[in-house]
Amino acid sequence: MASKQQKWLDLSAYNAKLTPIRLPSGAQVVMLGGALTNSQIEQLKNDLHYRPIAAARNAPALFTPAHTDPKTHKITGVDFNRYLKLFPKAAVTEQSLDDITALWAGYSETDINQLWLDIKSHRAQRLVNADVEKVGLNRKGEPVYRNGATRFIYSNNDLIVQRSKSSNPRFMQYSTHRQDDMLAAAQGFLHETMEGDYVDEKRIEKLLADMDNPVHPLSKEGMAATKHIVGLIRGLVIQDYNAAYDKADIDVERLRMLSEQFATLPHATRYGKQHGSFNPVVGPDFSYIARRFFEVSDNIKDLTLVNESSIGALSFIPNQYPIHLVGDTSNKLHQLLENQTAALQSTSVDLTRSTPLKGRHVIAVTNGGNLPSESTINGVRVTRRDHLEAMNILSAVGDDTQLLLAVEGDDPLRTGEVLDGSKALHEYIFANYHCHALAEMGGELIGSRTAAATKRIYAITGRRPIATTAPAPLTLEVIDTPEQSYAFATTLAEKAVDHGLTELSKSELQETTSISDLIAAHQSAVRQSSKFQINEFQHRYVPITNLVEPTNGTIPRAMLTAQREVAKKIMRDVGNPDQFFMSEMGLPIEHIEEAFDAEQIDAITQAIWRQKNGKSMTLGDTTGKGKGRVLAALLYWSIKNDQIPVFLTARNGLLTDIWRDVCETKLDNYFRPMFITSEDVKAYGSSDVLFDQKQQAQTVGKHFDAPRFDLAEVRKDCNVVFSTYSQINSLADTYKKRSYVVA
């Protein structure tokens, strides 16, 4: 029976042979022998990790484990293209198994016998035997293995052996004294979590123990290094969240997904036990609450973060705000976000001492821990570090500062209860500051049930002129799930709209540049409107514009949320939409008031906004709502921006309709139209001819039948084209018309 055929590399043109061989251990490698030149040998060693076999005398012999899987020790596939680059005259042919496994014919019997003796003890054989151990993933996500003191990388059927004895982060040989090594370790652990591996504190401690200079996990250096790596892992995740979601809409499903991801990240519990508290970075749930709290505030010009624990709040905070980080900056997590935010500065200060804080918008996450002795501030007895920092922060901020303050909870098993140890601080804050909302977040949201992970949140909108005598609530709303976080944040934003802001007049809304004022005013109007249903399926439409009075338009009930979100998107992107509209249109306000109603202005604004962002828009209003006027305005806007817009419709009669809308909006003076039509264009409801078909055909023929289509010549005769689909799709001169219209 004929031997089975399969594709293999034929190197006979070079008097050489590529052969798969099985070692005595059972592992498989690939051997290459024959009349090789020194240059070819060097390239094989450098590119394909071949190692010479010293036994061969008559001709070179080399082998490589580059095609061997370290786990199965089998050849998983040979990329012949890599060999063809080195041996261009070689070929991939159908060969029998006997031919494939045969050694190069040039070896003598003595060479072959000696070859097998040497290959058994060759150093590289150790890389493919059963003692290989996986170290982990490096910062690039490459799997790193080791056998004894030898480390190597096996990725994409490629094996890279560490040649130098010096430490190399690529082979996961790190030093706790090098910041970049610690960052590389954190990146590697993050790759492992993304591949489904469980990375906990013990996994990090194992890496520290495997370093060239091992670090004991219970030593001061070991616990500090573990804390540092844990912080960097969280910082990298926050960096990714900020890049992806700083301006994106966050629904409850996305918040749940990100919250669950964050909760699986490791903690530094040994460090926390040794030092009394670890101060973990807050997660996505806290960030979403911060985002909703500040998005309806006064126009934010900068943002102050207190302590690195608050860095997590940046997950969803728009990154155009200049950010100043003060307090504890020891882990240098802010450096990971410096390239993403508008400007990020850091100042290391001791918050156990009173320190002035600049800025009217502050997110403060206090650090826990023990104090050497208790103290009294403003009549409040302070025994905990987080309480001391909170009192100093409250004393430092301005009376009108909007502050999201988080201190540690009292007992992770009694979340939401204000116990005796924190009553004094809690009652002081409630009495002296406008507490917009109060809640306590369980540590499970960041994967921990420690007191340090439990956060009591005070959403403060300023200092009270006179302290209230009302009793402070001692039982707070509990947030244990992403759904509860989402609901609390939504309620927080709605309260800010309804109670925390001054109502602006129509003229003030037209002139203001405060995005928060605009968003708040629109959301308040939408909320008020939503209370009055037209019927089971409809509500009143609340326009974004304040240029003209609203009409009695309606909107499907299911679209209320979408309407609110698109308003926020536009305002965040362009600023005041009325100022954006007036700037883009370049028309006097009297013209706008006479030509367009509020719904049409909204449609024009959204269409221009979408167009400027390279996106399209579908206008789906019902009959009689003014779609033609909107299109007339958009044609005018295109002309104003030195474009030649093309209007296509189904029937000749509809060309009359659109021209009527152009005239009724008093934009016809800006139009020099060219009509591609088979009929005269008449005045609406009349037999008067506005544009003679024959004259228009002459203009069309002048340009479309010219030997060379000259856009500059077209511009002399027209600045807008009107046509029916049939004219473009007609059999005669189809391709010419289509290409000219597209041009």
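These numbers were taken from a predicted model, which means no experiment stands behind them.

Caption draft 1: Summary view of the overall build of the chain. A tally of regular secondary structure across the chain gives 25 helices and 27 strands. Burial status across the chain gives 52% buried among its 743 residues. Put simply, of all contacts in the chain between residues at least 6 apart along the chain, 68% involve residues at least 24 apart. For the chain, the accessible surface area stands at approximately 34600 Å², while carbon and sulfur atoms represent 49% of it.

Caption draft 2: Quick peek at helix α17 (residues 577-585). The set of residues buried in α17 consists of P577, D578, F580, F581, E584 and M585. Viewed end-on, α17 has its buried residues packed into an arc of 160°, placing them on one side of the element. Two to three positions downstream of the cap, the backbone nitrogen of D578 sits 3.0 Å from a side-chain oxygen, assigning the N-cap of α17 to N576.

Caption draft 3: Spotlight on the nonpolar core. Judged by nonpolar contacts, the single largest core of 72 residues is most densely connected at I229 and F286. A total of 11 residues in this core trace back to one element, the largest contributor, which is helix α7 (residues 220-245). Filtering out sequence-adjacent residues up to four positions away, F286 remains in contact with A313, I363, V365, L404, A406, M441 and I457. Counting residues in hydrophobic clusters, the runner-up holds 42 residues, among them I570, V630, A633 and I639.

Caption draft 4: Summary view of the pairing of strand β17 (residues 402-408). For β17, a buried count of 7 out of 7 residues is recorded, marking the element as mostly surrounded by other parts of the structure. Where strand β14 (residues 361-365) and β17 come together, 5 bridges link them in parallel fashion. Bridge pairing in β17 places V365 opposite A406. In terms of strand pairing, β17 meets strand β19 (residues 455-463) through 6 bridges, oriented antiparallel. Residue pairing in the sheet places L405 in a bridge with Y458 of β19.

Caption draft 5: Expanded view of helix α19 (residues 598-612). Between its first and last C-alpha, α19 extends 21 Å over 15 residues, near the 21 Å set by a 1.5 Å rise per residue. For α19, the buried fraction is high: 12 of the 15 residues fall into the buried class. Among all positions of α19, only A598, E599, Q600, I601, D602, A603, I604, T605, Q606, A607, I608 and W609 are buried. For α19, the elements touching its buried residues are α16 (560-574), α17, α18 (589-595) and α20 (627-640). A side-chain oxygen of the first residue of α19 lies 3.2 Å from the backbone nitrogen of E599; this N-cap is D597. Just past α19, the residue G614 takes up positive phi, approximately 75°.

Caption draft 6: Spatial organisation of the packing of α20 against helix α21 (residues 652-664). Contact pair α20 / α21: the axes reach a minimum separation of 8 Å and the direction vectors enclose 70°. Considering their axes alone, α20 and α21 lie roughly perpendicular with respect to each other. On α21, the residues touching G628, R629, L631 and A632 of α20 are I658, D661, V662 and E664. Its residues assigned to classes, the contact of α20 with α21 shows 4 nonpolar, 1 polar and 3 charged.

Caption draft 7: Geometry of a nonpolar patch on the surface. Residues V646, L648 and Y725 make up a contiguous nonpolar surface patch of roughly 240 Å² in combined accessible area. For L648, the location among the structural elements is in strand β23 (residues 646-649).

Caption draft 8: Representation of the pattern of salt bridges. Overall, the coordinates contain 31 salt bridges when judged by the stated rule. As a salt-bridge pair, E192 and R203 come within 3.0 Å of each other at their nearest N and O atoms. Taken as a pair, E192 in helix α5 (residues 179-194) and R203 in helix α6 (residues 201-209) lie far apart in primary sequence, 11 residues in all. The class for E192 is buried, based on a relative accessible area of 4%. Note that E599 and K625 form a salt bridge whose closest N and O atoms lie 3.5 Å from each other.

Caption draft 9: Spotlight on unusual backbone geometry. One non-glycine residue, N15, adopts positive backbone phi at about 55°. Locating N15 in the fold gives a position in the loop between β1 (5-10) and β2 (16-22). Positive phi, close to 60°, is recorded for K666, a residue that is not glycine. Of note, K666 is situated in the loop between α21 and β24 (673-676).

Caption draft 10: Structural detail: the packing of helix α11 (residues 385-396) against helix α12 (residues 420-432). Viewed as axis vectors pointing N to C, α11 and α12 meet at an angle of 15°, and their least axial separation amounts to 11 Å. The angle between α11 and α12 falls in the class roughly parallel. Read as a crossing pair, α11 and α12 show a hand that is left-handed. Taken together, the residues of α12 that come into contact with α11 (itself represented by H387, A390, M391 and L394) are G421, S422, L425, Y428 and I429. Its residues assigned to classes, the contact of α11 with α12 comprises 6 nonpolar, 3 polar and no charged.

Caption draft 11: Expanded view of the confidence of the model for the chain. Taken over all residues, the pLDDT of the chain has a mean of 82, while the share at 70 or more is 86%. Here residues 126-130 is modelled with pLDDT under 50, and outside its nearest four sequence neighbours on either side it reaches 16 contacts, counting other chains as well. In this model, residues 498-502 is a region of pLDDT below 50 whose contacts with residues beyond four sequence positions or in other chains number 6 contacts.

Caption draft 12: Representation of the packing of aromatic side chains in the model. One pass over the structure, following the stated rule, counts 16 aromatic pairs. Where Y636 meets Y670, the ring centres are 5.1 Å apart and the plane angle is 65°; that geometry is what we call edge-to-face. With Y636 in helix α20 and Y670 in the loop between α21 and β24, this pair connects stretches of sequence that are 34 residues apart. Overall, Y670 belongs to the partly exposed group, its relative accessible area being 40%. Seen from their ring centres, W659 and F675 are 6.2 Å apart, and the 75° between their planes marks the pair as edge-to-face. Highlighted residues: W659 in helix α21 and F675 in strand β24, separated in sequence by 16 residues. Comparing W659 with F675, the two get one shared label, buried. By way of ring pairs, the aromatic residues F647, W659, F671, F675, F691 and F722 are connected into one cluster. The ring of F430 carries R464 above its face, with NZ or CZ at 5.9 Å from the centroid. Sitting above the plane of the Y684 ring, R660 keeps its charged end 4.2 Å from the centroid.

Caption draft 13: Structural detail: the sheet that holds β24. Read across the open sheet, the 3 strands follow the order β23-β27-β24; overall the sheet is parallel. Two strands lie at the open edges of the sheet, namely β23 and β24, each paired on one side alone. Adjacent strand axes in the sheet meet at a mean angle of 15° when their direction is disregarded. Direction of pairing for β24 relative to strand β27 (residues 720-724): parallel, over a ladder of 4 bridges. Bridged to F675 within β27 is F722.

Caption draft 14: Just the sheet that holds strand β4 (residues 51-52), in detail. The antiparallel open sheet is built from 4 strands, whose spatial order is β2-β3-β5-β4. Both outer strands of the open sheet, β2 and β4, are each paired with one neighbouring strand and no more. In this structure, β4 lies alongside strand β5 (residues 61-64), joined through 2 bridges in antiparallel fashion. The partner of R51 across the bridge, within β5, is F63.

So, how was this worked out
Residues numbered from 1 in each chain as written. Predicted model: local features only at pLDDT ≥ 70, side-chain atom pairs only at ≥ 80, totals over all residues. Heavy atoms only, no water. Helix = DSSP H or I, 4+ residues; strand = E, 2+ residues; numbered from the N terminus. Buried < 20%, exposed > 50% of the residue type's maximum accessible area, 1.4 Å probe, protein only. Contact = heavy atoms within 4.5 Å. Areas by Shrake-Rupley, 256 points an atom, 1.4 Å probe, with all protein chains shown as cover. Arc of directions from axis to C-beta. Polar contact = N/O pair within 3.5 Å; in protein donor to acceptor, adjacent residues only side chain to side chain. Core = buried A, V, L, I, M, F, W, Y, C linked by side-chain atoms within 4.5 Å. Pairing = 2+ DSSP bridges. Expected span 1.5 Å × (residues − 1). Axes fitted to C-alpha atoms, helices over the stretch in contact; angles between N-to-C directions. Parallel < 35°, antiparallel > 145°, perpendicular 65-115°, else oblique. Nonpolar A, V, L, I, M, F, W, Y, C, P; charged D, E, K, R; others polar. Patch = residues over 30% accessible without salt bridge, like charges linked within 9 Å, V, L, I, M, F, W, Y side chains within 5 Å. Salt bridge = Lys/Arg side-chain N within 4 Å of Asp/Glu carboxyl O. Left-handed = near helix turned anticlockwise from the far one by under 90°. pLDDT = per-residue confidence, 0-100. Phe/Tyr/Trp six-rings, centres within 6.5 Å; stacked < 30°, edge-to-face > 60°. Lys NZ or Arg CZ within 6 Å of the ring centre and 35° of its normal.

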